[in-house]
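# Descriptive analysis of the structure
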Amino acid sequence: MYIIAKRRRKEKNRRDTGNKMQNEKENSKNSEKTHEKSFKLQEENNNLAEKCSNLSEKSNNLSEKSSNLSEKSDNFLPKKSTNLSEISDTLPEESDNLSEKRSNLSEKSTNFSEKSTNFSEKSDKLHEKSTNLSEKSDKLCKKGDSLQDNQRKRHNKRAKISLQNISICILAVACFTLCALPGMIFNGLNILKGRGWFGKENFQLILLWVRTLITMNSSFNSLLFFWKNAILRKEGRQVFTKIRKD
């Protein structure tokens with residue numbers, strides 16, 4: 001029993017020592033935490049002290065500024081009040097001047113409105129005149145075009161007539177040469193070889209044919225001129241058709 005009691009005592013002592021050690025550790029930890037907290041609180045106190053000093057400096061600066069502003073207001077307000085009083089004295093005169101200017105401007109605006117109406121009427125008249133002139137110019141252009149067409153037609157007719165005249169002259173010359181060529185050949189042979197070369201009977205016959213051809217030249221020319229004239233040609237055709245019908 002004695003041994004068992006010793007063992008129990010030893011176990012209790014061990015437990016007590018373990019609890020004491022744990023309590024000491026916890027106390028040491030708590031002391032460290034409290035030390036850290038106290039250090040932080042000191043730092044915060046120092047920061048607050050600095051802020052308080054800064055705030056006191058700012059308050060001093062603000063008080064100085066307020067004093068300066070009060071001095072400026074004392075110096076500035078009387079001057080401004082005097083200036084405003086002077087301006088208020090000059091305002092009636094300026095209002096009168098402005099009223100006069102407004103009346104003058106109203107008169108000028110009425111004059112300008114009258115002038116604008118006159119200008120609008122004149123512009124309308126000018127527009128009407130321009131339209132009339134444009135119509136006249138169009139008519140003149142049409143007349144000019146018609147005159148140019150007529151001139152072209154006349155020129156073409158003259159060209160055709162000149163060509164017809166040239167062709168008639170060429171045909172007349174050709175007809176004359178054809179009618180006179182046998183006589184010229186006959187006279188040339190007669191001069192070169194004499195009458196005996198033809199014989200008496202042949203000579204007389206050839207001479208008659210040469211004379212007839214030369215005299216027929218005028219009739220051939222009249223037929224050519226008759227045939228080249230369109231009016232005479234139409235009349236001749238009508239006469240021939242009537243003769244055939246009869």
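Just so we're clear, the structure is a prediction, and the values are computed from it rather than from any experiment.

### Things to note about the overall build of the protein
- Within the protein one finds three helices and zero strands.
- The helix and strand sequence of the protein, counted from the amino end, reads α-α-α.
- Within the protein, the proportion of its 246 residues that are buried is 6%.
- Looking at the protein alone, contacts between residues at least 24 apart form 57% of all its contacts between residues at least 6 apart.
- When the accessible surface of the protein is split by element, carbon and sulfur atoms take 58% of a total near 22,400 Å².

### Topic: the state of the cysteines
- The full count for this structure, using the stated rule, is zero disulfides.
- Looking at Cys179, it has no disulfide partner, and the nearest cysteine sulfur is the one in Cys175, 4.2 Å off.

### Quick notes on the side chain of Asn217
- Residue placement: Asn217 occurs in helix α2 (residues 200-228).
- Dropping the residues within four chain positions of it, Asn217 is found in contact with Cys175, Phe176 and Cys179.

### With respect to a nonpolar patch on the surface
- The grouping of Leu163, Ile166 and Ile170 at the surface amounts to a nonpolar patch, some 320 Å² of accessible area in total.
- Residue placement: Leu163 occurs in helix α1 (residues 2-193).

### Observations concerning the side chain of Asn221
- Along the polypeptide, Asn221 turns up in helix α2.
- Residue class for Asn221 comes out buried when judged on its relative accessible area of 18%.
- Those residues in contact with Asn221, other than ones at most four positions away along the chain, are Ala172 and Cys175.

### A few points about the UniProt feature "transmembrane region" (unreviewed entry) in the protein
- Here the UniProt-annotated "transmembrane region" (unreviewed entry) positions come out as residues 161-186 and 206-227.
- Taken as a whole, residues 206-227 contains 100% helix and 0% strand, while its terminal C-alpha atoms sit 30 Å from one another.

### Some thoughts on the confidence of the model for the protein
- For the protein, per-residue confidence averages 78 on the pLDDT scale, and 90% of positions sit at 70 or higher.
- Between the elements of the protein, mean pLDDT differs from a low of 78, seen in α1, to a high of 81, seen in helix α3 (residues 230-245).

Calculation criteria
- Residues numbered from 1 in each chain as written.
- Predicted model: local features only at pLDDT ≥ 70, side-chain atom pairs only at ≥ 80, totals over all residues.
- Heavy atoms only, no water.
- Helix = DSSP H or I, 4+ residues; strand = E, 2+ residues; numbered from the N terminus.
- Buried < 20%, exposed > 50% of the residue type's maximum accessible area, 1.4 Å probe, protein only.
- Contact = heavy atoms within 4.5 Å.
- Areas by Shrake-Rupley, 256 points an atom, 1.4 Å probe, with all protein chains shown as cover.
- Disulfide = S-S within 2.5 Å.
- Patch = residues over 30% accessible without salt bridge, like charges linked within 9 Å, V, L, I, M, F, W, Y side chains within 5 Å.
- Salt bridge = Lys/Arg side-chain N within 4 Å of Asp/Glu carboxyl O.
- UniProt positions renumbered as here; feature names shortened; annotations may be inferred.
- pLDDT = per-residue confidence, 0-100.

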